[in-house]
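# Per-entry structural report
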Amino acid sequence: MSATRLSEDGISFVTERHLATLSTLSANGSIHAVPVGFTLHDGTAFVITTRSSQKVLNARRSGHATICQVEGAGWITLVGHAEVRDDPESIALAVTRYAARYRQPRVNPERVAIAVRVERILGSAGYVER
């Protein structure tokens, strides 16, 4: 993780119920941005999704992702290396954390987790420590 860290207000912001966007690179180099719920655990952001989704294909191919959460003038962007995890332990962790922040997700036998190892944090004043 970079020298920039979330402040206490930033941590609160990413634990409150807000949606975000996940941006990945498509095969043609364009940006693919989709709304997601995400959670943060030990420097890794998790997004649960279906294994055949475009975001999974993009994350597998490029290995990069950006998550941005915004509410009014407040925002936080998490940038890092993305990997798709399909092991039961990673999926269970991502689902448990998602349920705590948002709601219990529907059953999905095709579920995987995109794990973004946060390497850079950008954000509004008051949300990040430099």
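Quick look at the structure, then.

What counts as what
- Residues numbered from 1 in each chain as written.
- Predicted model: local features only at pLDDT ≥ 70, side-chain atom pairs only at ≥ 80, totals over all residues.
- Heavy atoms only, no water.
- Phe/Tyr/Trp six-rings, centres within 6.5 Å; stacked < 30°, edge-to-face > 60°.
- Helix = DSSP H or I, 4+ residues; strand = E, 2+ residues; numbered from the N terminus.
- Buried < 20%, exposed > 50% of the residue type's maximum accessible area, 1.4 Å probe, protein only.
- Lys NZ or Arg CZ within 6 Å of the ring centre and 35° of its normal.
- Salt bridge = Lys/Arg side-chain N within 4 Å of Asp/Glu carboxyl O.
- Pairing = 2+ DSSP bridges.
- Axes fitted to C-alpha atoms, helices over the stretch in contact; angles between N-to-C directions.

### A look at the packing of aromatic side chains
Per the stated rule, a full pass over the model turns up two aromatic pairs. Here the aromatic rings of Phe13 and Tyr127 are separated by 4.6 Å at their centres, their planes lie at 15°, and the arrangement is stacked. Residue Phe13 is found in helix H1 (residues 8-13), and its partner Tyr127 is found in the loop between strand S8 (111-123) and strand S9 (128-129); the two are separated by 114 residues along the sequence. Looking at Phe13, the relative accessible area reads 3%, which means it is buried. Ring geometry for Tyr98 and Tyr102: centres 4.8 Å apart, planes at 35°, overall tilted. Here the two residues Tyr98 and Tyr102 agree in accessibility, since each one is buried. Here Arg101 stacks its cationic end above the ring of Phe38, 4.8 Å away from the centre of that ring.

### Things to note about the pattern of salt bridges
Applying the stated rule across the entire model yields five salt bridges. Of the charged contacts, one joins Arg5 and Glu129 as a salt bridge, the two residues approaching to 3.1 Å between their closest N and O atoms. Of this pair, Arg5 sits in strand S1 (residues 5-6) while Glu129 sits in strand S9, and the two are 124 residues apart along the sequence. On the accessibility criterion, Glu129 (36% relative accessible area) is partly exposed. Arg51 is paired through a salt bridge with Asp86; the nearest N and O atoms lie 3.9 Å apart. In this pair, Arg51 is assigned in the loop between strand S5 (44-50) and helix H2 (54-62) and Asp86 in the loop between strand S7 (74-85) and helix H3 (88-101), connecting sequence segments 35 residues apart.

### Section: the sheet that holds strand S4 (residues 39-41)
Taken together, the seven strands give an open sheet; going across it, the order is S3-S2-S6-S7-S8-S5-S4, and neighbouring strands pair in antiparallel fashion. With one partner strand each, in any of the chains shown, strand S3 (31-36) and S4 form the two edges of the open sheet. Within the sheet, the average angular offset between the axes of one strand and its neighbour, ignoring direction, is 35°. In the sheet, strand S2 (residues 20-25) pairs with S3 via six bridges, with the strands oriented antiparallel. Opposite Thr21, over in S3, you have Pro35 as the bridge partner.

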